[in-house]
Amino acid sequence: MKKWLLAGAAALILSALSAPSFAEYKAEHRGGTMRLLSRSAGGSLDPHINYTLQYWQLYQPTYDGLVTFKKAAGADGFNVVADLAEEIPKPENDGKTYVFKLRKGIKFSDGRELGVKDVVASFQRIYKVSSPTSGSFFAGIVGADKCLAEPAKCTLEGGIVADEANSTITLNLTQPDAEIFYKLALPHAVILPADAPTQDAGSVPIPGTGPYMFTSYDPNKALVMERNPHFKVWSEEAQPDGYPDKVQYDFGLSEEAAVTAIQNGEADWTFDEIPSDRLAEIGTKNKDQVHVTPLTAWWYLPMNTRLAPFDNEKARQAVSYAIDRSALVKIFGGNVLAAPVCQVLPPGFPGHEPYCPFTKDPGAKWSAPDMEKAKQLVEESGTKGQKVTIIAEDKAISKAVGVYLQSMLTELGYQAEVKPISTNIQFTYIQNTNNKVQMSITQWYQDYPAASDFLYILFGCESFREGSDSSVNISGFCDKEINDKMKAALALGVTDQASADKMWTEIDKAITDKAPAAALFTPKHLDFVSKRVGNFQFNSQYYWMVTQSWVQ
């Protein structure tokens, strides 16, 4: 019966899909307060530190970079456009140099005018605060090697060169980078005031240049955004004005309570997944308030390749064989909301070719778990009987996945337990090697549409940092041969992206075979909004553009 209800709910939700609205700005809808909910906060508010979708979604109307992803509905949002720079510069010096000319008259929310010194200081700050992507995204800037070695003394001499008189910034790279504009368009490269603190700002808002500014943040209670009084539109496609006067983001309600609050008109949206036992209800009673969108993302299970039992490749492969991905899809809400996967690159991504070695019938797609093979591998690994702790988020679905995995690992012969911890800290906790995390449940949503964003970022040697909360290579995987091939693919992409994508296909298979993480499923995104939310638009890069919707 439960299976039928979930499937029924998914079908109803799918039928509720409608094309995104492309309404032009309507002044009569300006004003009001958008009320958002989440079970917990998303960690530091610092845009150079935070690496969560929860807050990246809010940075789009609060901060700007030299370039940005276009604020448009659908896949058009993958296009990079000029933002604080007047235009996207053409490459010079064989693709190793770019000269950006700053727009004039743009002010931070504290009233100070943005200048080239802010750009220089912001790029230096990426290293001084040990931004999670300083070693992976920006290591190719001239001088970055010294900054990574001694962050506090970072100058990026020769890498970021300011010309005050002409309002230009010259970016010099050690080698061409086919993805440099994607990287510059992300929040970790936004421009902050030159005197922004050189350590994690935590819960203290830093002034930005977008139409909104953060005015207060208490991770235990709420986050508030209000209009930036100094904002004027300079580019509709880069940074359009917004509708609500205020965005109130409250923390602490359970997923169940959040759904009820939206149904009662007490809130407008929730960040958390909708509990599966409420899907049928909202699919029938509230179908006009539901938006479902395919994602390039995955839920996965990092296994620590530097700790027992998963320092043993056969033990990791055993887990990948044993997982019943159809059971996990049901936990997530059914086939319309997710699909089983067993490789790293999600469907539709550059380099993706269907590949599944960890299934009953290895081939292009997952069919069923192979417990016999899994148990054989556990025996061969000599790890049977060892203790395994699974670190989950304290959210309903993550905990349910954890309970399933505990049962599966027990059947394989391990002594397994689940340890749910606050979503507010879980992602940083599982990255830090000091916490000795063996296995965790997490998700990865693309930073930008390139294969390296999954493969190199999550499994590149340079993404692993001992003892750091910002070590997104959670499994600690580092295979020199594969790493060299990833760097070769990145280099090839500068001149021949199609051939590079073929290399990424091979890399995807090689990493999948090594099983540093078990792929679970690829999700679709469900947004459940209140009846008063108008002009809902989903941007493929930033997701729901909160301030492009109105509430009156």
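By convention here, each chain's residues receive numbers from 1 onward along its written sequence. Note on the predicted model: pLDDT of at least 70 is required for a residue's local features to be given, and 80 or more for side-chain atom pairs to be given and counted; whole-chain, interface and lining totals, by contrast, use all residues. Hydrogens and water are ignored here; the side-chain numbers use all heavy atoms of the structure.

A. Expanded view of the pattern of salt bridges. The working definition used for a salt bridge is a side-chain nitrogen of Lys or Arg within 4 Å of a carboxyl oxygen of Asp or Glu. Counting across every chain of the model gives 26 salt bridges. Glu150 is the salt-bridge partner of Lys153, the closest N and O atoms lying 3.5 Å from each other. Throughout this description, buried means an accessible area under 20% of the type-specific maximum (1.4 Å probe, protein chains only), exposed means over 50%, and partly exposed covers the range between. Assessed through its relative accessible area of 60%, Lys153 is described here as exposed. The structure contains a network of salt bridges with shared partners spanning Arg30, Arg227, Asp241 and Asp245.

B. Representation of the packing of aromatic side chains within the structure. Between rings of Phe, Tyr and Trp, where Trp is taken as its six-membered ring, a pair exists when centres lie within 6.5 Å; planes separated by under 30 degrees are stacked, by over 60 edge-to-face, and by other angles tilted. Evaluated as defined, the whole model comprises 32 aromatic pairs. On the basis of an interplanar angle of 75° and a centroid distance of 5.1 Å, the ring pair of Tyr98 and Phe181 is categorised as edge-to-face. Taken as a pair, Tyr98 in strand β4 (residues 97-101) and Phe181 in helix α5 (residues 180-184) lie far apart in primary sequence, 83 residues in all. In terms of burial, Tyr98 and Phe181 fall into one category: buried. Think of it this way: any DSSP run of H or I at least four residues long counts as a helix, any run of E at least two long counts as a strand, and we number them from the N terminus.

C. Representation of the environment of Ser463. On the secondary structure map, Ser463 appears in the loop between α13 (452-459) and α14 (480-492). Owing to a relative accessible area of 7%, Ser463 belongs among the buried residues under this scheme. Sequence separation between Ser463 and Gly135 is 328 residues, and the spatial gap between their C-alpha atoms is 6.8 Å. If we ignore the near neighbours within four places in the chain, the residues touching Ser463 are Ser136, Tyr456, Ile457, Ser471, Val472 and Asn473. Pairs of residues are marked as contacts when any of their non-hydrogen atoms sit within 4.5 Å.

D. Spatial organisation of α14. Under the convention used throughout, the expected extent of a helix is 1.5 Å for every residue step, that is, one less than its residue count. Between the first and last C-alpha of α14 there are 18 Å, a value that for 13 residues agrees with the 18 Å anticipated at 1.5 Å per step. Along α14, the residues that are buried comprise Ile482, Asn483, Met486 and Ala489. Within α14, the buried residues cover an arc of 120° as seen down the axis, which keeps them to one side. Residues of α14 that are exposed and point over 90 degrees away from its buried face: Lys480 and Glu481. This arc describes the spread of directions from the helix axis toward the C-beta atoms.

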